[in-house]
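These are the residues of each chain, in order.
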Amino acid sequence: MPVASADPVSTVAYTSEDHAHPLKGSASYSAPGDEIAVFESNGVLWIDVQSGLKDLNVELSPPAGETLHTGTYTGARFRGQGDPALAGPGIFVYTGGLVCGDDYADFTIDRLDRSADGKVTDYDGTFVQRCGTPDGPATRGEVHFHA
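The residue numbers shown here count from 1 along each chain, following its written sequence. With pLDDT at 70 or above as the cut-off, local features in this predicted model cover only qualifying residues; side-chain atom pairs require 80 or more to be listed or tallied, and sums for whole chains, interfaces and linings still use all residues. Hydrogen atoms and water are omitted, and side-chain values are computed over all heavy atoms in the structure.

Caption draft 1: Inspection of the pairing of strand 2 (residues 26-30) at higher detail. Burial along strand 2 is one-sided: the face carrying Ala27 and Tyr29 is buried and the face carrying Ser26, Ser28 and Ser30 is not. Here the rule is simple: two strands pair whenever DSSP picks up at least two bridges between them. Working definition: helices are DSSP H or I runs of at least four residues, strands are E runs of at least two. Numbering for both runs from the N terminus. Where strand 1 (residues 11-16) and strand 2 come together, 5 bridges link them in antiparallel fashion. Each residue of the ladder has a partner; that of Thr15, found in strand 2, is Ser26. With a 1.4 Å probe rolled over the protein chains alone, any residue whose accessible area is under 20% of its type maximum counts as buried; one over 50% counts as exposed, and the rest are partly exposed.

Written out as structure tokens, the structure reads:
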């Protein structure tokens, strides 16, 4: 008899090197215990985590005129919420009221599936974010989302 498989679990995890900003240390979140949402709005992919009183938001955006798709995006820079699209990819990382306004990042989208109405149904990806300088302390994150 076939073995019944469990529903996929949505997870978000990161590890930060000493003195990284704005994320510190390491954390791991998983649904349904933690609220994890991945969605697109105005061409920006939002990864939103709510866990008790903790929050984490990572926004990934493609270069101006493009749509996010699977692949690796290098040289991402800070793109604030509501800022116009950049010539290259953008990133915005927020937690606990802290944000880096001078990001240097790369991110990889391994899977990005959308329903017929455009909602994100599956997402697998990673990111490496540094604040203030391209060779500063890094935060490395991994996201697996399944609606």
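We are not done yet, so read on.
Caption draft 2: Spotlight on the state of the cysteines. Any two cysteine sulfur atoms lying within 2.5 Å of each other are counted as a disulfide. Under the criterion given, the structure shown has 1 disulfide. The side chain of Cys100 participates in a disulfide bridge whose partner is Cys131; the two sulfur atoms lie 2.1 Å from each other. Judged by the sign of its S-S torsion, about 95°, the bond between Cys100 and Cys131 is right-handed. Of the two residues, Cys100 is situated in the loop between strand 8 (98-99) and strand 9 (103-114) and Cys131 in strand 10 (residues 120-131); the sequence distance between them amounts to 31 residues. Overall, the relative accessible area of 22% leaves Cys131 in the partly exposed class.

Caption draft 3: A look at the pattern of salt bridges. Between Lys or Arg on one side and Asp or Glu on the other, a salt bridge is scored when a side-chain nitrogen of the former is within 4 Å of a carboxyl oxygen of the latter. Going through the model one piece at a time under the given rule, you end up with 5 salt bridges. A salt bridge links Glu40 to Arg114; the nearest nitrogen and oxygen atoms lie 2.6 Å apart. Of the two residues, Glu40 is situated in strand 3 (residues 35-41) and Arg114 in strand 9; the sequence distance between them amounts to 74 residues. For Arg114, a relative accessible area of 34% puts it in the partly exposed group. Residue Arg111 is joined to Asp113 by a salt bridge in which the shortest nitrogen-to-oxygen separation is 2.7 Å. Since its relative accessible area comes to 28%, Asp113 is described here as partly exposed. Residues participating in the shared-partner salt-bridge network are Arg111, Asp113 and Asp122.

Caption draft 4: Representation of the environment of Tyr123. When you line up the elements, Tyr123 lands in strand 10. Classification of Tyr123 by relative accessible area gives buried; the value is 1%. Two residues qualify as a contact provided that any one of their heavy atoms is within 4.5 Å of a heavy atom in the partner residue. Ignoring any residue separated from it by four or fewer positions in sequence, one finds Tyr123 in contact with Val38, Leu45, Ile47, Leu60, Thr108, Ile109, Arg111, Leu112, Val143, His144 and Phe145.

Caption draft 5: Representation of the packing of aromatic side chains within the structure. Working definition: a ring pair exists when centres of Phe, Tyr or Trp rings (six-membered ring for Trp) sit within 6.5 Å. Plane angles under 30 degrees give stacked, over 60 give edge-to-face, the rest tilted. Throughout the structure, instances matching the rule amount to 3 aromatic pairs. Ring geometry for Phe39 and Trp46: centres 5.5 Å apart, planes at 20°, overall stacked. Ring geometry for Tyr73 and Phe107: centres 4.8 Å apart, planes at 20°, overall stacked. Residue Tyr73 is found in strand 6 (residues 71-78), and its partner Phe107 is found in strand 9; the two are separated by 34 residues along the sequence. You can call Tyr73 buried: its relative accessible area is 6%. For Phe107, a relative accessible area of 1% gives the class buried. Whether a charge lies above a ring is judged from NZ of Lys or CZ of Arg, which has to be within 6 Å of the ring centre and within 35 degrees of the ring normal. Lying over the aromatic face of Tyr104, Arg77 brings its terminal NZ or CZ to 3.9 Å of the ring centre.

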